[in-house]
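Structural overview for review
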Amino acid sequence: MKPFQIYLHLLLFLSSTATPPALAKYAKTGCNDKCGNVTIPYPFGLVAECSINKWYIIDCKDSTPYLSALKGLKVLGVDLRNQTVTVSMPRISDCQNQVRNSNQMMSFDLGDSPFLFSKLHNK
């Protein structure tokens, strides 16, 4: 059974050492800023040296970007102006027993990451 796909927006809390969003339109000097048709602006990067820290490393596999620190969520876009990253993931419900014959609830934990689920964009 193929999972439903929804788009989630993750809020970015940029470090005070990061370039202000209005000025940061592309990758750091010497770093690639594209993965397929998705622009990867700083503070994100396609390798550790091009990102601000481990949370912002994007893996580019077969021209598709993935947020490696968050279980490889597929990145659909990065919007520095709105401080959001749009990702694709299975639909998660607050209803229990979504997994047939199981008491498990489906969830996604952002853990210690600097990201939060957007209440504004996920209605």
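So, here's what we can say about the structure. (Residues numbered from 1 in each chain as written. Predicted model: local features only at pLDDT ≥ 70, side-chain atom pairs only at ≥ 80, totals over all residues. Heavy atoms only, no water.)

Moving on to the packing of aromatic side chains. Applying the stated criterion across every chain, the model contains two aromatic pairs. Considering the side-chain rings of Y56 and F115, the 5.5 Å spacing of their centres and the 55° angle between planes classify their relative orientation as tilted. In this pair, Y56 sits in the loop between strand 3 (38-39) and strand 4 (58-61) while F115 sits in strand 8 (residues 115-117), placing the two residues 59 residues apart along the sequence. Each of the two residues, Y56 as well as F115, counts as buried. (Phe/Tyr/Trp six-rings, centres within 6.5 Å; stacked < 30°, edge-to-face > 60°. Helix = DSSP H or I, 4+ residues; strand = E, 2+ residues; numbered from the N terminus. Buried < 20%, exposed > 50% of the residue type's maximum accessible area, 1.4 Å probe, protein only.)

Right, let's talk about the nonpolar core for a bit. Counting 20 residues, the largest nonpolar core has I40, F44, I58, L67, L70, V75 and F115 as the members making the most contacts within it. Setting aside chain neighbours within four positions, we find I40 in contact with A27, D33, K34, C35, G45, L46, I58 and P65. (Core = buried A, V, L, I, M, F, W, Y, C linked by side-chain atoms within 4.5 Å. Contact = heavy atoms within 4.5 Å.)

Next up on the list: the state of the cysteines. This model, assessed by the stated rule, comprises two disulfides. Shown here is the disulfide that connects C31 with C50, its sulfur atoms set 2.0 Å apart. The disulfide joining C31 to C50 has a torsion of about -85° about its S-S bond and is therefore left-handed. In this pair, C31 sits in the loop between strand 1 (5-12) and strand 2 (34-35) while C50 sits in the loop between strand 3 and strand 4, placing the two residues 19 residues apart along the sequence. In this pair, the class of C31 matches that of C50, namely buried. With a sulfur-sulfur separation of 2.0 Å, C35 is cross-linked through a disulfide to C60. The sign of the S-S torsion, about 95°, decides the handedness of the disulfide formed by C35 and C60: right-handed. Linking C35 in strand 2 with C60 in strand 4, this pair joins segments that are 25 residues apart in sequence. (Disulfide = S-S within 2.5 Å.)

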